[in-house]
Amino acid sequence: MIGRVLAVLLAVTLFVPGAASAGTILQPADETELAQALADAQEDQDVCYGWSVNINGVVSDAGSSVDGPGRPPPDAGCGRFATFLAEVSYTCDSCEGEDSASISIESNLPDPPKVSDLEDLGYGAGDLVGERDDSALLDMVGALPLLAAQRANNVPNVEYAPATGVPAKDGPTNSPGSDLLRDRWFLLVLFGGLLVFGPLWFFYKKGQEQLSMTTTAKE
Amino acid sequence: MSRHLLVALLLSGAGILGLVFVFTSHKSVRESIADRYDFVGTEAVPDDKDRTLVYASSKPVSATAKEIAGDHKPAERRTTEAGAFLRYKEDIVSVVPDPAGGGRSRVLVDDEDTGYRRNYLFVGGFWGTFSGRGESFRGGGPGAGK
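Draft legend 1. Inspection of the interface of chain B and chain A at higher detail. Across the contact, 71 residues belong to chain B and 70 residues belong to chain A. Around 6,000 Å² of area is buried between chain B and chain A when both sides are counted, 61% of it from carbon and sulfur atoms. For the chain B face of the interface with chain A, the top three residues by lost area are His4, Glu81 and Phe137 of chain B, together amounting to 13%. Connecting chain B to chain A are three salt bridges. Of the charged contacts, one joins Arg132 of chain A and Glu76 of chain B as a salt bridge, the two residues approaching to 3.1 Å between their closest N and O atoms. Run the count over chain B and chain A and you get 31 residue pairs in polar contact (both at pLDDT 80 or more). Looking at the side of chain B that touches chain A, the elements that each hand over two or more residues are helix H1 (3-25), helix H3 (61-71), strand S3 (76-80), strand S4 (83-87), strand S5 (91-97), helix H4 (112-118) and helix H5 (120-123) of chain B.

Pasting the structure below:
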């Protein structure tokens, strides 16, 4: 009996319309780490930072340097602030149209961080509907203190220092593929194609000629 | 020589010349950075025998990272409050604010292992293994009693 009830509950959970599109982008541990990094930056810079992401009109991810993860940035209490805002729209599998997103930065800094700064760093709204939406969101929000400092706000940089005491067992994994292929794959395909196409074209034409000669001889 | 053979040789010849150009003109990210920015010196990384190559950029972090990524598309990237980090096959490039300020930045070039150790707090768990701290939000900011 209990098993049947659980099965029904599971089925209802899985098939509630929109359930697949609900949820959050960031994992709780990542949210906490992000909020803490922003809190440390706030301490250095005296600027409040936060983020608020809506998925299909509902707040899914939020947090701030003031209140930590899970709560939208406070409306009051910060002299200076910069908040990352995003609207993500997921469409259902059977619907027409594609997932989309828009991003903006709300700030009262005299020279506020801009979306174009994030684009310079390699991020855009489309990243929030990509496979690595979580790391993109972490990076875009995490970049706010960096961008606030590099603009003319009289805000100090967050100090960068190399890590110490790194466990010896930890190291990089999944080494990336060739830089040459990543940079120039199009040219490699183009010129490699030309190299192969030459002989192919020659033998094709030669075959056509022989076929034509055979047909003529038969006639 | 038949017309078809001539055309085939021209096509393949263009392909060979193109491939030679692609391979010989491609610079590594290290070479591009050395060409574009002023070399400042080297810097030690804690608990690592390899030293970091340090370059100076007159532009802020976002513009410098854009230049480097424009020359060589990184396989992975991370951006944090402290800087922008680009990962290549054998190198990790860190673009961080110049401590002297002035809207300038420093470009730090490391091999993959040294770069990972240097930036462990920023790329650990993203580009490799991470057995570092898990923590709860402890706050910060003025009066937060951190």
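Draft legend 2. Layout of the sheet that holds S5 of chain B. All names here are of chain B. A sheet is described by the order of its strands in space; here six strands give the open sequence S1-S2-S6-S5-S4-S3, paired in antiparallel fashion. Each having just a single partner strand, strand S1 (38-45) and S3 make up the two edges of the open sheet. Direction aside, neighbouring strands of the sheet carry axes that sit 20° apart on average. Bridge count for S5 against strand S6 (residues 105-111) is seven bridges, and the pairing is antiparallel. Its bridge partner being in S6, Ile92 is matched across the sheet by Asp110.

Draft legend 3. Representation of the side chain of Thr79 of chain B within the structure. Topologically, Thr79 of chain B is positioned in strand S3. Take Thr79 of chain B: its relative accessible area is 1%, and that puts it in the buried class. Among the polar contacts made by the side chain of Thr79 of chain B, one reaches the side chain of Tyr123 of chain A at a distance of 2.9 Å.

Draft legend 4. Broad picture of the sheet that holds strand S3 (residues 68-69) of chain A. All names here are of chain A. Ordered by their spatial adjacency, five strands build an open sheet running S3-S2-S1-S4-S5, and the pairing between neighbours is mixed. With one partner strand each, in any of the chains shown, S3 and strand S5 (100-107) form the two edges of the open sheet. As judged from the eight bridges shared by strand S4 (residues 81-89) and S5, these two strands associate in the antiparallel manner. Residue pairing for S5: Glu87 is matched across the bridge by Ser102. Along the sheet, helix H2 (residues 28-45) makes contact with strand S1 (48-55), strand S2 (58-64) and S3, crossing S1 at roughly 150°.

Rules used throughout
Residues numbered from 1 in each chain as written. Chains lettered and ligands numbered in written order. Predicted model: local features only at pLDDT ≥ 70, side-chain atom pairs only at ≥ 80, totals over all residues. Heavy atoms only, no water. Contact = heavy atoms within 4.5 Å. Buried area = accessible area lost by both parts, 1.4 Å probe. Salt bridge = Lys/Arg side-chain N within 4 Å of Asp/Glu carboxyl O. Polar contact = N/O pair within 3.5 Å; in protein donor to acceptor, adjacent residues only side chain to side chain. Helix = DSSP H or I, 4+ residues; strand = E, 2+ residues; numbered from the N terminus. Pairing = 2+ DSSP bridges. Axes fitted to C-alpha atoms, helices over the stretch in contact; angles between N-to-C directions. Buried < 20%, exposed > 50% of the residue type's maximum accessible area, 1.4 Å probe, protein only.

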